[in-house]
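In case you want the letters, here they are:
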Amino acid sequence: MTVSWVVYIDESGDEGFMFSKGSPDWFVLSAVVTPKATDLETVKLVDHVREQVLHRQDHDPLHFRKLKHEHRIPFLSVLAQADLKAFVVLMHKPSIKNVEVFQQKNRMYFYAARLLLERVSWYCRDHTTTKTAGDGSAEIIFSNRGGMKYEEFREYMETLQRQTKVGAIQIDWNVIKRDQIMAYAAKRMGLQLADAVASSFFFGVQLNQYGFNEDRYVRMLQPLIYKDAGRYAGYGLKFWPSETDALFQTQSHLTWLRDAYNFQF
């Protein structure tokens, strides 16, 4: 049988800890999930935005960071109405205690992907019915990272699967399967949507060089973010590590979490 879901994953920020030399405080990994049956129709909204909304004649990918603010807004306005769900893992690097572990190559990315795929698998499991086409599993498409071997990530997933019964692994393995994990160039339309979500949340949490953030983007995307029983925290939005919770009490630029996403400070 064919898969039931397509998952696109992209990132914003970086994994560096050289904060004094420009490394951002945050690393963000996001996923957008579409039903396989309507995937092509949904992701074609990228072409619609480029041609009908922004009136661009080129066929270049819509890299969110490279767009002007006045172009990002209509892009997100269309995206917010799409037939998909979005998931975001936000890692506050200054709050990480065992830094030496997460300085190892791809370690932070792998762990963020684990947290992300846990939540994606819950959504796909809970929304697969007898009327859903396919076998309930998902095709996982990462934006290709230079220097990363995706076979190593597949092996990491296999290790997690073996540890599920004895560890705190919460991935539904009926949804996430090793041989359905792949990587493509960022120009793929679904990946451009994941990039827009990741970059929007990065701008929402990361202060720029002048001490400001931009939270309009994340407020616009609220209809897309997965929630369970009215809760976004821990479902569509996952902050890590737990020490990050203290920031919600002290950082005024994060009040959008309470206003738009019902976080309890």
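Our subject in this report is the structure included herewith. Each chain has its residues counted from 1, following the order in which its sequence is written. Local features in a predicted model are, by the rule used here, given only for residues with pLDDT of at least 70; side-chain atom pairs are given and counted only at 80 or more, and totals for whole chains, interfaces and linings are based on all residues. Hydrogen atoms and water are omitted, and side-chain values are computed over all heavy atoms in the structure.

Remarks on empty space enclosed by the protein
Now for step 1: The distinction between a cavity and a pocket rests on a 1 Å grid over the protein atoms alone: a 1.4 Å probe fits inside a cavity but cannot get out, while a pocket stays open yet meets protein on both sides within 12 Å along at least five of seven lines, and a residue with an atom within 4 Å of a point counts as lining. Grid points are joined across faces, edges and corners, and a volume is the space filled by probe spheres set on the points. For the structure shown, the criterion picks out one cavity of 30 Å³ or more.
Now for step 2: In this model, the largest cavity occupies a volume close to 30 Å³.
Now for step 3: What lines the largest cavity is simply Met-157, Glu-158, Gln-161, Trp-173, Ile-176, Lys-177 and Arg-178.
Now for step 4: A class-by-class count of the residues in the lining of the largest cavity yields three nonpolar, one polar and three charged. Residues are grouped as follows: nonpolar covers Ala, Val, Leu, Ile, Met, Phe, Trp, Tyr, Cys and Pro; charged covers Asp, Glu, Lys and Arg; every other residue, Gly included, is treated as polar.

Some points on the pattern of salt bridges
Now for step 1: When a carboxyl oxygen of Asp or Glu lies within 4 Å of a side-chain nitrogen of Lys or Arg, that pair is called a salt bridge. Scanning the entire structure with this criterion turns up 17 salt bridges.
Now for step 2: Here Glu-139 and Lys-36 are joined by a salt bridge, their closest N and O atoms 4.0 Å apart. Taken together, the residues span a long stretch of sequence, with Glu-139 in strand 4 (residues 138-143) and Lys-36 in the loop between strand 2 (26-35) and helix 1 (39-43) at a distance of 103 residues.
Now for step 3: Note on Glu-139: relative accessible area 18%, which makes it buried.
Now for step 4: One salt bridge in this structure joins Asp-58 and Arg-56, with 3.0 Å as the shortest N-O distance.
Now for step 5: When accessible area is computed with a 1.4 Å probe and restricted to protein chains, residues below 20% of their type maximum are described as buried, those above 50% as exposed, and intermediate ones as partly exposed. A relative accessible area of 28% places Asp-58 in the partly exposed class. Runs of E in the DSSP output that reach at least two residues are strands. Runs of H or I that reach at least four are helices, and both are numbered from the N terminus.

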